[in-house]
Amino acid sequence: PPLYIITPTYRRAEQLPELTRLAHTLMLVPNLYWLVIEDAVEKSPLVAKLLEKTGLRYQHLIAPMPDEYKSKKSGPKPRGVSNRNKGIEWVRANAVDGVIYLADDDNTYDLELFHEIRFTKRVSMFPVGLITKLGVSSPVVKNGVFSGFYDGWVAGRKFPVDMAGFAVSVKFLLERPNATMPYKPGYEEDGFLRSLKPFEPKEIELLASNCSRILVWHTQTKRNDPSSMLDLKAYVEKSHSSDGS
Ligand code: UGA
Ligand code: MN
């Protein structure tokens, strides 16, 4: 059964390097569909070209963040939510079995992760490294059974986990037609997992050797100076002005 990898992405100087790195990981994974959804009003030709080059089976979609959130002047925004919901909708319309995994464009994924999640029956979970001050977010397993969560920001969440820390079976999702991700900064994962009801934490399938191994890291790319976007434009004008490439 296929893996449906749902990747939200948005335009910035680091977008192409992030997607290149992720693409090169996914190119090593058999039987996979990559759903790349841009937070944009039109598809980026550069992203389109990158996807074409991979030889992967993919869908290139767009799903801009609704204006009411995008225009917010202060506080956190629901990043990647419109994109992920678009990907989930696509899976609902096109898939019959397999597993979905929400893979942000900037994380780092061990190939073993894809072996682990492929046989998810309902909802599986596993540790995510390099996240919050604690350095890891994971279900806690004692004597082989689930016994709670370890996370640096529990904040009343029923499922205090990161987006990269779980996978969901397509059949399980299809049986829950109302499941969706809320536009609620900080509570996107919890809201989505709660919407998969009925489902309780004790039912989680514990992967990565009873959650003792880290197979995905919440890496964050250092922001380049925003003015480098302008420098790049000046460079392109200087060096490639005649052939338009
Ligand atoms: C953390 C979590 O790991 C994310 O899963 C969660 O969505 C995010 O916080 C959040 O709640 O805001 P973090 O590294 O802080 O992740 O966020 P980003 O990596 O900047 O963004 C998450 C995803 O959304 C990325 O794939 C990014 O490309 C995409 N994104 C970000 C957009 O599509 N639009 C944006 O305006 C910003
Ligand atoms: Mn990130």
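Position numbers for residues count from 1 along each chain, tracking the sequence in the order it is written. By the order in which they are written, chains take letters starting at A while ligands take numbers starting at 1. Side-chain atom pairs in this predicted model are given and counted only at pLDDT of 80 or more, local residue features only at pLDDT of at least 70, and totals for whole chains, interfaces and linings cover all residues.

### Examining helix 9 (residues 227-239)
Cut-off, in case you're wondering: We count a stretch as a helix when DSSP gives it H or I for four or more residues in a row; a strand needs E for two or more, and each element gets its number in order from the N terminus. What a helix should span is 1.5 Å times the count of its residues minus one. Exposure classification rests on a simple neighbour count of other C-beta atoms within 10 Å of a residue's own: a residue reaching 20 or more is buried, one at 12 or fewer is exposed, and one in between is partly exposed. C-beta atoms are placed from the backbone.
For helix 9, spanning 13 residues, the distance from its first C-alpha to its last is 18 Å, which sits close to the expected 18 Å at 1.5 Å a residue. Taken across its 13 residues, helix 9 has zero buried, putting it largely on the surface.

### Comments concerning the nonpolar core
What counts here: Connectivity within a nonpolar core runs through C-beta atoms within 7 Å, and the core itself is a set of buried Ala, Val, Leu, Ile, Met, Phe, Trp, Tyr and Cys residues. Contact between two residues is assigned whenever their backbone-derived C-beta positions fall within 7 Å.
Core analysis: the biggest nonpolar cluster contains 49 residues, and Tyr 4, Ile 5, Val 99, Ile 100 and Tyr 101 have the highest contact counts within it. Ranked by residues supplied to this core, first place goes to strand 2 (residues 32-38) with five residues. When neighbours within four sequence positions are excluded, Tyr 4 is seen to be in contact with Tyr 33, Leu 35, Val 91, Ala 95, Gly 98, Val 99, Ile 100 and Val 170.

### What about the environment of Val 96?
Among the secondary structure elements, Val 96 is positioned in the loop between helix 4 (81-94) and strand 4 (99-102). Taking C-alpha positions, Val 96 is 6.6 Å from Lys 171, a pair spaced 75 residues apart along the chain.

### Here's the deal with helix 1 (residues 15-26)
So the rule is basically this: What the arc measures is the spread of directions leading from the helix axis to the C-beta atoms.
For helix 1, with twelve residues, the first-to-last C-alpha span of 16 Å sits near the 16 Å given by 1.5 Å per residue. Every buried residue belonging to helix 1 is among Leu 19, Leu 22, Ala 23 and Leu 26, and all of these are buried. End-on view of helix 1: buried residues confined to an arc of 105 degrees, all on one side of the axis. Along helix 1, the residues that are exposed and aim more than 90 degrees away from the buried face are Thr 20 and His 24.

### A few points about the environment of Lys 53
Of note, Lys 53 is situated in helix 2 (residues 45-54). Judged by local crowding, Lys 53 falls into the exposed class, with 11 C-beta atoms found within 10 Å. For the pair Lys 53 and Ala 23, spaced 30 residues apart in sequence, the C-alpha separation works out to 9.6 Å.

### So, the UniProt feature "binding site: Mn(2+)" (unreviewed entry) in the protein
So the rule is basically this: UniProt positions are given in the numbering used here, feature names are shortened, and annotations may be inferred rather than shown by experiment.
With numbering aligned to this structure, UniProt lists the feature "binding site: Mn(2+)" (unreviewed entry) at Asp 106. Apart from residues lying up to four places away in sequence, Asp 106 is in contact with Glu 18, Thr 219, Gln 220 and Thr 221.

### Regarding unusual backbone geometry
The step from Lys 197 to Pro 198 runs through a cis peptide bond, and the omega angle for that step is 0 degrees. In this fold, Pro 198 is placed in the loop between helix 7 (188-195) and strand 11 (205-206). The phi dihedral of Asn 143 falls on the positive side, at around 50 degrees, and the residue is not glycine. Following the sequence through the fold, Asn 143 ends up in the loop between strand 8 (136-142) and strand 9 (145-150). In this structure, Ser 209 takes a positive phi of about 50 degrees despite not being glycine.

### Digging into the confidence of the model for the protein
Put simply, the rule reads: Think of pLDDT as the predictor's per-residue confidence, scored from 0 to 100.
When pLDDT is averaged along the protein, the result is 96; 98% of the residues meet or exceed 70. Model confidence for the complex: the whole-complex pTM is 0.95, and ipTM, which rates the interface, is 0.96.

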